[in-house]
Amino acid sequence: MSKTIKPTTFAHVVYRTHRFEEMLKWYQTVFGAKLQFKSDVIAFLAYDDEHHRVAFLNLSIIKPSDGPAPKIRDVGVDHVAYGYRSLTELLEKYAQLKEQAILPYWCIHHGITVSMYYADPDGNQMEFQVDSFGTNDEANAFMAGPHYELNPIGVEYDPEEMLRRVRAGEPEETFLPRHEHLPVAPVRGSLGLA
């Protein structure tokens, strides 16, 4: 087996809450965090120059059947995120894990990141991601723009297709910008993720 590809950063944590506004205020007060984006369903905060470090899912709005995860549990940690150096590295990590019969349950281009979501044997969820922009200022500008307002969650993609194209020599830069902004879920069934 080849050398294990490891993440380079611990990127963010997402919490599920019924106290959406109270939680936002608390994290803004305690961490001096800035609100990066907020809708009725989700909000993102940052306390440094990263596009987001903490996010909150509003369980008062989300029904248990909503969302990409196998099932949305009660309040608490939804997932933690780890960053990779490049899209190629993220895709090769996918290939390494697939060889061990470990598959993501969701592959989505959030606009600010290209991400794959995994669950460990206990169901703890994690996001493996690569940033879509070269700088956090560019990511923050995207989050403040109309495409993110239209769809802050993202567009699903087929990791096999992306891996094949990157291995064939197509530049990573082709895949980093989110070209489609309306929610699309074309591959859930084909990956056995439905």
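Residues numbered from 1 in each chain as written. Predicted model: local features only at pLDDT ≥ 70, side-chain atom pairs only at ≥ 80, totals over all residues. Heavy atoms only, no water.

> Describe the packing of helix H2 (residues 87–99) against helix H5 (residues 159–167), listing the residues and the values that go with them.
Interaxial distance between H2 and H5 falls to 10 Å at its minimum, and their mutual angle equals 120°. Between H2 and H5, the angle is such that the two are oblique. Helix-helix and strand crossings are classified by hand; for H2 and H5 the assignment is left-handed. Residues Leu-87, Thr-88, Leu-91, Glu-92, Tyr-94, Ala-95 and Lys-98 of H2 lie in contact with H5, whose contacting residues are Pro-159, Glu-160, Met-162, Leu-163, Val-166 and Arg-167. Classifying every residue of the contact of H2 with H5 gives eight nonpolar, one polar and four charged. (Axes fitted to C-alpha atoms, helices over the stretch in contact; angles between N-to-C directions. Helix = DSSP H or I, 4+ residues; strand = E, 2+ residues; numbered from the N terminus. Parallel < 35°, antiparallel > 145°, perpendicular 65-115°, else oblique. Left-handed = near helix turned anticlockwise from the far one by under 90°. Contact = heavy atoms within 4.5 Å. Nonpolar A, V, L, I, M, F, W, Y, C, P; charged D, E, K, R; others polar.)

> Tell me what's going on with the layout of surface pockets, and back it up with residues and numbers.
Put simply, the second largest pocket is a space of about 310 Å³. As for the second largest pocket, its lining consists of 15 residues, of which His-109, Tyr-157, Met-162, Phe-175 and His-179 are closest to the centre. A total of three residues in the lining of the second largest pocket trace back to one element, the largest contributor, which is H5. Within the lining of the second largest pocket, the residues separate by chemical class into six nonpolar, three polar and six charged. (1 Å grid on protein atoms, 1.4 Å probe; cavity = no way out; pocket = protein on both sides within 12 Å on 5 of 7 lines; lining within 4 Å. Points joined across faces, edges and corners; volume = space filled by probe spheres on them.)

> I'd like to hear about the packing of aromatic side chains, residue by residue, with values.
Applying the stated rule across the entire model yields 17 aromatic pairs. Every member of this aromatic cluster is reached through a ring pair, and the members are Tyr-15, Trp-26, Tyr-27, Phe-31, Tyr-47 and Phe-56. (Phe/Tyr/Trp six-rings, centres within 6.5 Å; stacked < 30°, edge-to-face > 60°.)

> Now, about the environment of His-79: what can you tell me, with residues and values included?
Of note, His-79 is situated in strand E5 (residues 76–83). When its relative accessible area of 6% is taken as the criterion, His-79 is described as buried. C-alpha separation for the pair His-79 and Tyr-117, spaced 38 residues apart in sequence, amounts to 8.8 Å. Other than its neighbours up to four places away in sequence, His-79 contacts His-12, Val-13, Val-14, Tyr-117, Gln-125, Met-126 and Glu-127. (Buried < 20%, exposed > 50% of the residue type's maximum accessible area, 1.4 Å probe, protein only.)

> How would you explain the pairing of strand E3 (residues 42–46) if you had to name every residue and give the values?
In terms of burial, E3 is largely enclosed, as five of its five residues are buried. What you see with E3 is no split at all: Ile-42, Phe-44 and Ala-46 on one side and Ala-43 and Leu-45 on the other are buried throughout. As paired strands, strand E2 (residues 34–38) and E3 are joined by four bridges and run antiparallel to one another. Across the sheet, residue Leu-35 finds its bridge partner in E3, namely Leu-45. Turn length for the E2-E3 hairpin, with the two strands adjacent in sequence and antiparallel, is three residues. By the bridge criterion, four bridges tie E3 to strand E4 (residues 54–58) in an arrangement that is antiparallel. Note on E4: the bridge partner recorded for Phe-44 is Ala-55. (Pairing = 2+ DSSP bridges.)

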